[in-house]
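Listed below are the residues making up each chain.
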2 protein chains.
Amino acid sequence: MSYQKVTIVGGGTLGSQIAYVSAFHGKDVTVWGRSDSSLEKAQARVARWEDGVRRDLQATDEQIAAAREHLTYVTDLGEALAGADLVIEALPEAPATKTEFYEKFAKLADPQTVVATNSSTLLPSAFAEATGRPEKFLAYHFANEIWKNNTAEIMPHPGTTPELPATFEEYSREIGMVPIMVKKEQPGYVLNSLLVPLLDAGSQLWANEIADPETIDKTWMIATGAPAGPFAIMDTVGLNTVYAINIMNPDTSHQEIAKKVKTMIDAGHIGVESGEGFYKYPNPAYLAPEFLK
Amino acid sequence: MSYQKVTIVGGGTLGSQIAYVSAFHGKDVTVWGRSDSSLEKAQARVARWEDGVRRDLQATDEQIAAAREHLTYVTDLGEALAGADLVIEALPEAPATKTEFYEKFAKLADPQTVVATNSSTLLPSAFAEATGRPEKFLAYHFANEIWKNNTAEIMPHPGTTPELPATFEEYSREIGMVPIMVKKEQPGYVLNSLLVPLLDAGSQLWANEIADPETIDKTWMIATGAPAGPFAIMDTVGLNTVYAINIMNPDTSHQEIAKKVKTMIDAGHIGVESGEGFYKYPNPAYLAPEFLK
């Protein structure tokens, strides 16, 4: 077995999922939150993941009850970190927030504790020194609804000890994830390095008025056999994220995409979450059999 | 009904498929080839497509026999073009070859004949004037094994009459294709505008040693539900094509990809067609259930 006593720092969307799925698979999990109210929110999220795991993994009431026994919620960071085998940091994507945490971690954590960042956009080398144990640190990245979309990307930084990734590979399998071994630091890991160019290409065809979103998705689905095209994927990712990625890029075409997406966001259409994006939900047009004809 | 009397200029891989599928759906099809030997090759190809249509569309012997009655092979260009409602040019991707044909076409074809290029990489505006009837000309692009991968991209150039694309939309449906309406000229149409960036992103992760091809494909398949990842797709496309696309791009990363692909080609591994590429065929690893675990 790899790690048994695990602390998740931050109980947001991803942190609470990693915590819950680890507990569901028998790990002893502590969730740290900065206040009682943030921990209450984390517990409400966990109740939602219970529903998801019940539905998607056919979990029994006994399994759900057992998982609850494996979860502890604390606001004291020293208490949360004490004795942990593994700490997974799942704080907001703000470098200063993360650095501040790692500096505290360096002082409070046991010397043997291993630590990982769940950051999706920042590279682990940016925080390696602050951890005080760069050799025991890497990036560990999950998709959303991790019990179902079960990839876990494991990415070392240049100072990570070569033996560390294999322990995360083992941990991933123990909690039902498929480990994706990334050999070197890469912004976007493997998945987003593939996904962003596809979404970008689709967006550009749309912004340049070459074809409409439904035509583009249909072409992709028929030609590659994929269950969704780039616009359906963007609805799932959420248009706020699509906007954020495009507005950062100064190219004319990205600014044009950002402008068009902004119009949709301003109308309250931010994707699956709001019930409308490029498609209307539930039952979006692209899932109807006649869409591919 | 849109067009009944159809001439396909060139009986190569794509030309012979467009001819056969049109004939299978009851169109009166003439295939033009430059010599008896090129027409013999075209007929041998058609025999292969008969097998494919029999297998994939569950065609009966009667249907196969009826399709044969709808196919004529001629070497005289004037004879091939006379009385055609629609001419589809499927010559090699050499601009001079195509221009030479269109100049002959302009002199020989009936005034009402509509014409389309099946070019995958050249834009129709490059040949519009040579046709002598730019308003009756557009690009009409098919995938390989068109009876199965049944997208047909319809792309006008700026001088195409606005009513023309709809007639190709109708023709496409009559021959069992899903028409993809491209509104404006776009190199790569819709499909390759999406596909090339994905293949490129995968190739770069491989060339930069971020992850191996199987890891990259696995990530894509699990995360998006697609039946194949970029390297499986490259094996299907063929590594000669992948090489040709990369070697044209002077960027270091593309040159590195070209170099790595060249090593595989030199070893005789050019993809599905040769029995080995990134995977070994038949029964490539990515189709095994344990690949996604």
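Going by the annotation in an unreviewed UniProt entry, the name recorded for chain A is 3-hydroxyacyl-CoA dehydrogenase, with Weissella confusa given as the source organism. In UniProt, chain A has this text filed under Catalytic activity (unreviewed entry): "a (3S)-3-hydroxyacyl-CoA + NAD(+) = a 3-oxoacyl-CoA + NADH + H(+)".

Once that is clear, we can look at the interface of chain A and chain B. Facing the 43 residues of chain A at the interface are 43 residues of chain B. The junction of chain A with chain B conceals about 3,400 Å² of combined surface from both sides, 75% of it contributed by carbon and sulfur atoms. Taken as a group, Leu194(A), Ile210(A) and Trp220(A) account for 19% of the area that chain A buries against chain B, more than any other trio of residues on that side. Counting every contact that joins chain A to chain B gives zero salt bridges. At the boundary of chain A and chain B, one finds four residue pairs in polar contact (both at pLDDT 80 or more). It is helix α7 (residues 191–207) of chain A that provides the largest number of residues to the side of chain A that touches chain B, a total of nine residues. Taken together, the residues of the side of chain A that touches chain B break down into 24 nonpolar, 10 polar and nine charged.

Below, the discussion takes up the pattern of salt bridges. Counted by the stated rule, this structure contains 22 salt bridges over all chains. The salt bridge partner of Glu89(B) is Lys98(B), with a shortest N-O separation of 2.5 Å. For Glu89(B), a relative accessible area of 0% translates into the label buried. Three or more residues joined by partner-sharing salt bridges are found here, namely Arg55(A), Asp56(A), Glu145(A) and Lys148(A).

Mapped onto the secondary structure, Ser120(B) falls in the loop between β5 (114–117) and β6 (137–142). In contact with Ser120(B), not counting residues within four places along its chain, are Glu93(B), His141(B), Gly188(B) and Tyr189(B).

Moving on, we come to helix α11 (residues 252–266) of chain A. Residues and elements named next belong to chain A. The end-to-end C-alpha distance of α11 is 21 Å, a good match for the 21 Å that 15 residues give at a rise of 1.5 Å each. Burial in α11 covers these residues: Ser253, His254, Ile257, Ala258, Val261, Met264 and Ile265. Along the axis of α11, the buried positions cluster into a sector of 135°, meaning they face one direction only. Counted as exposed and oriented over 90 degrees from the buried face of α11: Thr252, Lys259, Thr263 and Asp266. Residues of α11 that are buried in the fold lie against α7 and α10 (239–247). At the exit of α11 stands glycine 268, carrying a positive phi of roughly 85°.

Reading the values: rules and limits
- Residues numbered from 1 in each chain as written.
- Chains lettered and ligands numbered in written order.
- Predicted model: local features only at pLDDT ≥ 70, side-chain atom pairs only at ≥ 80, totals over all residues.
- Heavy atoms only, no water.
- UniProt positions renumbered as here; feature names shortened; annotations may be inferred.
- Contact = heavy atoms within 4.5 Å.
- Buried area = accessible area lost by both parts, 1.4 Å probe.
- Salt bridge = Lys/Arg side-chain N within 4 Å of Asp/Glu carboxyl O.
- Polar contact = N/O pair within 3.5 Å; in protein donor to acceptor, adjacent residues only side chain to side chain.
- Helix = DSSP H or I, 4+ residues; strand = E, 2+ residues; numbered from the N terminus.
- Nonpolar A, V, L, I, M, F, W, Y, C, P; charged D, E, K, R; others polar.
- Buried < 20%, exposed > 50% of the residue type's maximum accessible area, 1.4 Å probe, protein only.
- Expected span 1.5 Å × (residues − 1).
- Arc of directions from axis to C-beta.

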